[in-house]
Amino acid sequence: MTASLQRSGASARSGRSDGRIYGRIHNNNNSVMRFTTLLFISFLCACLLAPSVSLASSEKSAVKKESWSFRGIFGHFEKASLRRGYEVYDQVCASCHGLRFLHYRDLEALDYSRAQIAALAARLEVEDGPNDTGELYSRSALPSDRFVSPFANDEAARFANNGALPPDLSLIVTQAGGKGGADFIYALLTGYADPPADFVLAEGLYYNKVFKGHAIAMPPPLFEGMIAYSDGEKASIERMAHDVTQFLAWASDPSLEVRKRMGLRVLIFLAVFFVVAFLYKRRVWARVR
Ligand code: HEC
């Protein structure tokens, strides 16, 4: 690599001193320009296509690509789905999984009122202190507290789950990125099935189509109609899996919408700036010619 770079550097240098070669390069200036432009355009195309290509190639057979509103440059979260997703997390997943990077007050982004948030937080106990006598004490949670995890520590969590640790879900969607992120979690939640006849399933494990090794310690968490959505939506397994996955995507990356909106503004600014600069350049050079 270095050797070839050096060689090409050397030939470029000798090319410049050799008038004949230099002349030929000079004559070909136009085609070189065209070639460079082409190269640049294909590079741009490659950059734009790369994410979808890499996703397609890393796709495991059973993990289907879902359509998520938060993908792409116009990406945004569906607020109704986020609110339902919070209900699923709160009523189903929260008994095993923490969400410790989220604060109760963050639910304001899902249009919960301050009073509602205070009431949601107050259902849980947190340890605080020390008080005036130096003792730790427990009090009910406040909107400024982080989501209270269901277990005091990992050991207690493992003990309650047959030795398997239910991971904190705060960053699960961005963390599971390598496995397909939101697509993987949706596929996992909807991927429980009866094992094939020749599959040996150990005690306390459940068959799942997308989990590594197909044997997972998490019991199937979702059942048809298991919760009553407050907006009256029918709680099918697919609906709940979609909503809770979207909620977890938001929890992993709450500033996604702001970021994408800013990115779009920057692109629009650059486009307008490019047109102005181009027109200005033409005006200046018109006088020279
Ligand atoms: C009864 C407890 C329990 C409930 C309820 C539960 N989980 Fe789990 N979950 C687990 C355990 C235990 C594991 C670890 C599984 C393993 O390592 O085999 C796990 C693992 C996971 C994983 C990581 C899978 C991986 O690839 O490592 C995700 C994501 C997950 N759960 C999401 C959810 C969601 C979303 C809900 C609510 C709809 C939920 N869980 C409800 C116990 C639970």
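Residues numbered from 1 in each chain as written. Predicted model: local features only at pLDDT ≥ 70, side-chain atom pairs only at ≥ 80, totals over all residues.

Chemist: Could you give an account of the overall build of the protein, naming the residues involved and the relevant values?
Modeler: Regarding its fold elements, the protein presents 10 helices and four strands. Taking all 289 residues of the protein together, 19% fall into the buried category. Of the contacts formed within the protein by residues at least 6 apart in sequence, a portion of 59% connects residues at least 24 apart. (Helix = DSSP H or I, 4+ residues; strand = E, 2+ residues; numbered from the N terminus. Buried ≥ 20, exposed ≤ 12 C-beta atoms within 10 Å, placed from the backbone. Contact = placed C-beta atoms within 7 Å.)

Chemist: A description of the packing of helix H4 (residues 79–91) against helix H9 (residues 237–252) should follow, citing residues and the corresponding values.
Modeler: Direction vectors running N to C along H4 and H9 enclose 100°, while the axes themselves pass 7 Å from each other. In terms of their interaxial angle, H4 and H9 are classed as roughly perpendicular. Of H9, the residues touching H4 (which contributes Ser81, Leu82, Arg84, Gly85, Tyr86, Val88 and Tyr89) are Met240, His242, Asp243, Val244, Gln246, Phe247 and Trp250. Counted by class, the contact of H4 with H9 contains eight nonpolar, four polar and two charged residues. (Axes fitted to C-alpha atoms, helices over the stretch in contact; angles between N-to-C directions. Parallel < 35°, antiparallel > 145°, perpendicular 65-115°, else oblique. Nonpolar A, V, L, I, M, F, W, Y, C, P; charged D, E, K, R; others polar.)

Chemist: Describe the confidence of the model for the protein, and please don't skip the residues or the numbers.
Modeler: When pLDDT is averaged across the protein, the result is 85; 78% of the residues are at 70 or more. Segment residues 1–26 is flagged for pLDDT under 50; beyond a separation of four residues in sequence, or across chains, it makes four contacts in the model. Note that residues 51–60 has pLDDT below 50 and, in this model, four contacts with residues that lie over four places away or in other chains. (pLDDT = per-residue confidence, 0-100.)

Chemist: Tell me about the site of the ligand, and please be specific about residues and values.
Modeler: In the vicinity of the ligand there are 22 residues, among which Cys93, Cys96, Pro166, Ala217 and Met218 approach most closely. With three residues, helix H8 (residues 182–189) is the single largest residue contributor to the shell around the ligand. (Near = placed C-beta within 6 Å.)

Chemist: Tell me about the packing of H8 against H9, and please be specific about residues and values.
Modeler: For the pair H8 and H9, the least separation of the axes is 9 Å and the interaxial angle reads 145°. Of the two possible hands of crossing, H8 and H9 adopt the one that is right-handed. Facing Ala182, Ile185, Tyr186 and Leu189 of H8, the residues of H9 in contact are Ala241, His242, Thr245, Leu248 and Ala249. In terms of residue class, the contact of H8 with H9 is built from seven nonpolar, two polar and no charged. (Left-handed = near helix turned anticlockwise from the far one by under 90°.)

Chemist: Describe in detail H8, supporting the description with residues and values.
Modeler: Burial runs high along H8: eight of the eight residues are buried. Taken together, the buried residues of H8 touch helix H7 (172–175) and H9.

Chemist: I'd like a description of the nonpolar core, backed by residues and values.
Modeler: Core analysis: the biggest nonpolar cluster contains 36 residues, and Tyr89, Ile185, Leu188, Val244, Phe247 and Leu248 have the highest contact counts within it. The set of elements that each furnish at least two residues to this core consists of H4, H7, H8 and H9. Sort the elements by how many residues they give to this core and H9 lands first, with eight residues. Taken together, domain 2 (77–101 + 162–254) and domain 3 (103–145) each give at least three residues to this core, which thus spans both. (Core = buried A, V, L, I, M, F, W, Y, C linked by C-beta atoms within 7 Å. Domains from an automatic or database assignment.)

Chemist: I'd like a description of the environment of Ala235, backed by residues and values.
Modeler: The topology assignment puts Ala235 in the loop between strand S4 (215–216) and H9. According to the C-beta neighbour criterion, Ala235 is buried, with 20 such atoms within 10 Å. Placed 151 residues apart in sequence, Ala235 and Arg84 show a C-alpha to C-alpha distance of 9.4 Å. Non-local contacts of Ala235, meaning those with residues more than four positions away in its chain, are made with Gly225, Met226, Ile227, Tyr229 and Met240.

Chemist: If you had to explain unusual backbone geometry to someone new, which residues and values would you point to?
Modeler: The amide bond that connects Gly129 to the next residue, Pro130, takes the cis arrangement and shows omega of 0°. The residue Pro130 is located in the loop between strand S1 (125–128) and strand S2 (137–140) in this model. Residues other than glycine seldom take positive phi values, yet Asn162 does so here, at roughly 60°. Tracing the backbone through its elements, the reader meets Asn162 in the loop between helix H6 (154–160) and H7. Taking the C-beta count within 10 Å as the criterion, Asn162 has 11 such neighbours and is therefore assigned exposed. Look at His214: it is not a glycine, yet its phi comes out positive at around 65°.

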